[in-house]
Amino acid sequence: MVTDELATIVRDAVASACADGTLPSDCMDAAIEIETPRNKQFGDFATNVALALARTVGMSSREVAERLVAHMPLEGTPVASAEIAGPGFINFRLRTDWLHDAMVAVEERADQYGHNTSMAGKRILLEFVSANPTGPISVVNGRAAALGDSLRRLFTACGAEVSTEFYVNDALNSTQIDLLGASLAARYMQEFGRAEAVPTDGYQGEYLIEMARDIAAEVGPVYCDLSPEERSQVFRKLAAERMIAQQREDLAAFGVEFDRWFFESSLYESGEVAAAIEQMKQAGWAYERDGALWLKSTELAGDGQDRVLVRSNERETYVAADAAYHKNKFDRGFTHLVNIWGADHHGYVARLKAGIAALGYDPDRCTIILTQMVLLMRGGELVRGSKRAGDIVPLADLVDEIGRDAARYYCLLTSYETTASFDLETAKRQSNDNPVYYAQYAHARCAAVLRRAEEAGVPLRRASEVDRSLLAHPKELELLRTLAAFPREVRQAAEAMAPHRLTAYVRVIGQALHQYYEECPALKEGVSPDLRDSRLALFETTRTVVANLLGLLGVSAPERM
RNA sequence: GCGCUCGUAGCUCAGUGGAUAGAGCUUCUGACUUCGGAUCAGAAGGUCGGGGGUUCGAAUCCCUCCGAGCGCGCCA
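Residues numbered from 1 in each chain as written. Chains lettered and ligands numbered in written order. Predicted model: local features only at pLDDT ≥ 70, side-chain atom pairs only at ≥ 80, totals over all residues. Heavy atoms only, no water.

1. Focus: the sheet that holds strand β3 (residues 79-85)
Read across the sheet, four strands follow the order β1-β2-β4-β3 without closing on themselves; strand pairing throughout is antiparallel. What marks the edges here is a single partner per strand, and that holds for β1 (34-35) and β3. Pairing analysis gives two bridges linking β1 to strand β2 (residues 45-47), with the strands arranged antiparallel. Within β2, the residue paired with Glu 35 across the bridge is Ala 46. (Pairing = 2+ DSSP bridges. Helix = DSSP H or I, 4+ residues; strand = E, 2+ residues; numbered from the N terminus.)

This is the structure we're talking about:
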């Protein structure tokens, strides 16, 4: 990668200046950072190393920069010029043939262009959504789903081995599932005219009425004569199974599928929960009090208080199961765990980390991403959860209304750290105030030009074969510069676990493309065949990069719109 | 009360300790006898919530205050 080459050039300059005494030898271990200047007039890349060194060497940063540039031979490098500017930045301008070579790289790597090895050797387990099977998948879950699925693509593109998992809280000792079962049982009885009420702390959402109606239609009144206990047993199972199936469908319609649905109940059946508790006891991290078993989460992870692992009624808590689950993840050979939770769970980070530490694993190998909420607006009014859906906004409704691509794109448009809000009317509009269409239009426009060429009988020539040096117009070079940044953007987005950077970047590509399109016609009168072929090749290059980019976001790249 | 997160243009949001804080929307003015106008060019719009501090340099790091959201169960 060209930034690595630049870093080497700078590092060599520092070493050379140290060697001949121009700079003190303790500059050797200076950290070399290559950045892209905010302002294009400062060139393609820059380094601030002179500013960083100025303090230790006791001279002005411009002076340091001058001495470094004097020790920087540029023959045979991609660098055309190295200039000192401002307080002491060294700005690099690259030769245009380096940009032209990027076209060949895109052509050779094709849909692998942008892939790199920055995360090679890592085995990452991404766990996300993991909504309780007590209601439909919500829009907030959708944000996590879009983020998790995009991270899977990003990590994979960076050479990591990635698995995705949805953790299903279906444990038999879950009071939530008890309530769900009791709520569904009541709805079922209501279908047959029995005046049974949903528990006051149960699930009031009307989706359970629909589910009860389905069950009633399928099996008839066979469960009416069971004892309440037996009926509750039947319905907790039925409710959970059907909710999970529904969740799976909703996520699939959103384009998100998991490598594995991991059932909490399996951890009890295998004895892993009991084993984990025993191990925590043996290690001295668990103690008895008031008839319950407690985890020393305060001492282990600075939690606000210790947490119960086993209640006095002998039921284990989800804390115990979660600890066992994460042990299970590590034992399967994953080197890094990433969990995506809603921000309302931030109070649970410390206790999970405590559980991981109590079982002898490094809590720092488990990253917990907390996503803030997403608020939907319609004409300036907040869209509220419906009673039908149990006071949430179902993801399925959003997908139905604005489509999968728009829903996913909007979920990835902003940093997960901020509470995002977006307007449904804008998201549906097919105009340029809709960022989804702007991104997809870039791809469709490239495809349109290439299609047009084909119709006119102009064969598309390979980027490696056309005369790339003909691409010397500022807009052509600017577009190439933008496309050549793709591998770096991918790497940085993966490192920061921030796919929203890519949605910002795709706009930059779109802008560069449209400007190029405006000023550099390929198929109009008066364009020489050689230039035409070079420009068509550049359209193909752009199309490939945009398709790869949209692919990382999980959004389709249409040929026509 | 304690803890976590967040306050950036009228609106929605970017911004990795660096150069004159950037986009989109909105408003206004324009563009090619259309390789797709779902586009492009230009203008307008800022005490980066307030105040201290660290630093050669702070929207970014620290402290404090103000405001918003969330969390503080032998629920998940």
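2. Concerning the pattern of salt bridges
On inspection of all chains with the given rule, the structure shows 28 salt bridges. Counted as one network, the salt bridges with shared partners bring together Asp 149, Arg 152, Arg 153 and Arg 408. (Salt bridge = Lys/Arg side-chain N within 4 Å of Asp/Glu carboxyl O.)

3. Considerations on the layout of surface pockets
Here the second largest pocket is characterised by a volume of approximately 1200 Å³. As for the second largest pocket, its lining consists of 43 residues, of which Phe 45, Arg 481, Thr 482, Ala 484 and Ala 485 are closest to the centre. Listing elements by their share of the lining of the second largest pocket, those giving two or more residues are α1 (2-19), β1, β4 (89-94), α4 (96-109), α18 (474-484), α19 (486-495) and α20 (500-519). Along the lines of polarity and charge, the residues of the lining of the second largest pocket split into 20 nonpolar, twelve polar and eleven charged. (1 Å grid on protein atoms, 1.4 Å probe; cavity = no way out; pocket = protein on both sides within 12 Å on 5 of 7 lines; lining within 4 Å. Points joined across faces, edges and corners; volume = space filled by probe spheres on them. Nonpolar A, V, L, I, M, F, W, Y, C, P; charged D, E, K, R; others polar.)

4. Details of empty space enclosed by the protein
The method is simple in principle: a probe with the dimensions of a water molecule rolls over the atoms, and the space it marks as empty is what remains. Scanning the model with the defined rule gives one cavity of 30 Å³ or more in all. Volume-wise, the largest cavity comes out at about 60 Å³. In terms of lining residues, the largest cavity is bounded by Arg 143, Leu 147, Cys 411, Leu 412, Thr 414, Ser 415, Tyr 416, Ala 498, Pro 499 and His 500. Those elements that provide at least two residues to the lining of the largest cavity are α5 (139-157) and α15 (404-413). Residues of the lining of the largest cavity, tallied by class, amount to six nonpolar, three polar and one charged.

5. Looking at the protein's contact with RNA strand B
Taken together, 64 residues form the shell around RNA strand B, and within it Arg 55, Phe 89, Tyr 348, Arg 445 and Tyr 517 come nearest. Sugar and phosphate atoms form 62% of the subset of RNA strand B atoms that lie within 4 Å of the protein. Here a phosphate oxygen of RNA strand B sits 3.3 Å away from a polar atom, N or O, in the main chain of Thr 419. At the level of secondary structure, the elements contributing two or more residues to the surface near RNA strand B comprise α2 (49-57), β4, α6 (175-191), β15 (420-423), α17 (435-455) and α20. When grouped by side-chain class, the residues that make up the surface near RNA strand B number 23 nonpolar, 25 polar and 16 charged. (Near = heavy atom within 4 Å. Polar contact = N/O pair within 3.5 Å; in protein donor to acceptor, adjacent residues only side chain to side chain.)

6. Brief notes about the packing of α18 against α20
Running from amino to carboxyl end, α18 crosses α20 at an angle of 160°, the nearest separation of the two axes being 9 Å. Regarding the angle of α18 to α20, the classification is roughly antiparallel. Crossing hand, α18 versus α20: left-handed. Of the residues in α20, those touching α18 at Lys 475, Glu 476, Leu 479, Thr 482 and Leu 483 are Tyr 505, Val 508, Ile 509, Ala 512, Leu 513, Gln 515, Tyr 516 and Glu 519. The residue inventory of the contact of α18 with α20, partitioned by class, reads eight nonpolar, two polar and three charged. (Axes fitted to C-alpha atoms, helices over the stretch in contact; angles between N-to-C directions. Parallel < 35°, antiparallel > 145°, perpendicular 65-115°, else oblique. Left-handed = near helix turned anticlockwise from the far one by under 90°. Contact = heavy atoms within 4.5 Å.)

7. Looking at a nonpolar patch on the surface
A surface patch of nonpolar side chains, amounting to about 250 Å² of accessible area, comprises Met 373, Leu 375 and Leu 382. With respect to the helices, strands and loops of the structure, Leu 382 is situated in strand β14 (residues 381-382). Owing to a relative accessible area of 35%, Leu 382 belongs among the partly exposed residues under this scheme. (Patch = residues over 30% accessible without salt bridge, like charges linked within 9 Å, V, L, I, M, F, W, Y side chains within 5 Å. Areas by Shrake-Rupley, 256 points an atom, 1.4 Å probe, with all protein chains shown as cover. Buried < 20%, exposed > 50% of the residue type's maximum accessible area, 1.4 Å probe, protein only.)

8. Let's talk about the packing of α2 against helix α3 (residues 61-70)
Packed helices, taken two at a time, are described by the angle between their axes plus the distance between the axes. For the pair α2 and α3, the least separation of the axes is 8 Å and the interaxial angle reads 115°. As far as their axial angle goes, α3 and α2 are roughly perpendicular. Crossing handedness for the pair α2 and α3: right-handed. In contact with Val 49, Ala 50, Leu 51, Leu 53, Ala 54 and Val 57 of α2, α3 contributes Ser 61, Val 64, Ala 65 and Leu 68. Each residue belonging to the contact of α2 with α3 can be placed in one class, and the counts come to nine nonpolar, one polar and no charged.

9. Remarks on the domain arrangement of chain A
For chain A, the assigned domains read domain 1 (2-94), domain 2 (175-246), domain 3 (270-336 + 353-369) and domain 4 (435-553). Between domain 3 and domain 4, the C-alpha centre-to-centre distance is 51 Å. (Domains from an automatic or database assignment.)

10. Here we look at the environment of Glu 165
Tracing the backbone shows Glu 165 in strand β6 (residues 161-168). Taking the C-alpha atoms as reference points, Glu 165 and Pro 487, separated by 322 residues in sequence, lie 27 Å from one another. Each residue touching Glu 165, except ones within four places of it in the same chain, is listed here: Leu 125, Leu 126, Glu 127, Phe 128, Phe 258, Arg 260, Phe 262, Tyr 325 and Arg 332. There is a polar contact of 2.7 Å between the side chain of Glu 165 and the side chain of Arg 332.

11. Side note on the confidence of the model for chain A
Here chain A averages 90 in pLDDT, while 99% of its residues score no lower than 70. This complex was scored by the predictor with a pTM of 0.93 and an ipTM of 0.92. (pLDDT = per-residue confidence, 0-100.)

12. Examining the pairing of strand β12 (residues 366-371)
Consecutive side chains of a regular strand alternate in pointing toward one face of the sheet and then the other. Here strand β11 (residues 336-342) runs beside β12; their pairing, made up of six bridges, is parallel. Residue pairing across strands places Gly 342 opposite Thr 371, the latter belonging to β12.

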